[in-house]
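Examination of the molecular architecture
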Amino acid sequence: MLQNVAAVLLDGVHPFELGVVCEVFGIDRSDDGLPVYDFAVVSAEGPALGTHVGGLSVSTPYGLDRLDEADLIAVPAGSDYARREYPPELLDSLRRAVDRGARVLSVCSGVFVLGAAGLLERRRCAVHWHHAAELARQYPRATVEPDVLYVDEGPVITSAGTAAGIDACLHIVRKEQGPEVANKIARRMVVPPHRDGGQAQYIERPLPKSPCDTVGEVLVWMEQHLDQEVTVEQLAARAHMSPRTFARRFQQETGTTPYRWILRQRVLLAQHLLEATDETMDAIADRTGFGTAAALRHQFVRVLGTTPNAYRRVFRGPQAA
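In the nomenclature of an unreviewed UniProt entry, the protein is known as AraC family transcriptional regulator of Streptomyces spiralis.

Take a look at the structure:
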């Protein structure tokens, strides 16, 4: 049973990510019949810590020994966590916690602390999409999931950026104490108890730049004619190549196939139209080359993990859906 929770901090901690953990586990909501957690904020680097917000600091009387009794240890994000070193005593405490059956949770860049403790080895993990490539580089034996809001790998739970920490915390409550408790906490926080889709819908994906000019002109033409159906043979003819040579050069220079490239650009255009216009789904499907609203929905869900209508509600508000 989840009863004892500790959030462990380092210098440069991000207040919002710390606040997420405090909001879910650190507030007495017994007046609503909700469980009260034995919650503590723990410092790994002395009684007073700075934050990334100018003039704001955090002080706590609890040191690392407080982690030895925690059922759940949360590691919020902090500044430069991807590049700094961590106190060996903290890493030892995290390893001991997992060995004795406790859970550890990271919010955003807090996952780098878990990686330094060796807790990502052969595990799937989540992180803010901005840090995904660096996390994968530093910990190649981990499987980084850049599109999801959180990953639960037994005793190690990792979440993506900022608000995804709420999703992960509520998931833990739902798993340990049932959906009714998680839903009541979410209602008090005025947040959804579960969000549709993953962080794929929030990732910025600018048009990739080709490192050479062999297919550069064809890429420009493809981007300008997303509403048209084209074949590899037609694209190869525009590039004055055989289809086989064109397909090979395209893969070498863009890292993907012509089909996948044009599909991704169509989804990007659909995202823009959903955010910036009131066009109907049929009109957007026509402009993006998907043809029908059903085809648009199918590909949108496959690539981004959410529906076009849900995406529009997120980025423009419910009145726009």
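With respect to the secondary-structure elements, Arg-66 resides in the loop between strand S4 (57–59) and strand S5 (72–75). Look at Arg-66 and you get buried, because its relative accessible area is 7%. A polar contact of 2.7 Å, which involves the side chain of Arg-66, links it to the side chain of Asn-4.

This part covers the sheet that holds strand S6 (residues 103–107). Read across the open sheet, the 6 strands follow the order S2-S1-S5-S6-S10-S9; overall the sheet is mixed. In this open sheet, the two edge strands, each paired with only one partner strand, are strand S2 (38–43) and strand S9 (150–153). Averaged over all adjacent pairs, the angle separating strand axes in this sheet is 15 degrees, with direction ignored. Across 4 bridges, S5 lies against S6 in parallel orientation. Within S6, the residue paired with Val-75 across the bridge is Ser-106. Lying over the sheet, helix H2 (residues 88–99) contacts strand S1 (4–9), S5 and S6, oriented at roughly 140 degrees with respect to S5.

Attention now goes to the packing of helix H5 (residues 164–177) against helix H6 (residues 179–189). Here H5 crosses H6 at 150 degrees, and the two axes come no closer than 7 Å. Of the residues in H6, those in contact with Ile-166, Leu-170, Val-173, Arg-174 and Gln-177 of H5 are Pro-179, Val-181, Ala-182, Ile-185, Ala-186 and Met-189. Looking at the contact of H5 with H6 residue by residue, the class counts come to 9 nonpolar, 1 polar and 1 charged.

The rules behind each value
- Residues numbered from 1 in each chain as written.
- Predicted model: local features only at pLDDT ≥ 70, side-chain atom pairs only at ≥ 80, totals over all residues.
- Heavy atoms only, no water.
- Helix = DSSP H or I, 4+ residues; strand = E, 2+ residues; numbered from the N terminus.
- Buried < 20%, exposed > 50% of the residue type's maximum accessible area, 1.4 Å probe, protein only.
- Polar contact = N/O pair within 3.5 Å; in protein donor to acceptor, adjacent residues only side chain to side chain.
- Pairing = 2+ DSSP bridges.
- Axes fitted to C-alpha atoms, helices over the stretch in contact; angles between N-to-C directions.
- Contact = heavy atoms within 4.5 Å.
- Nonpolar A, V, L, I, M, F, W, Y, C, P; charged D, E, K, R; others polar.

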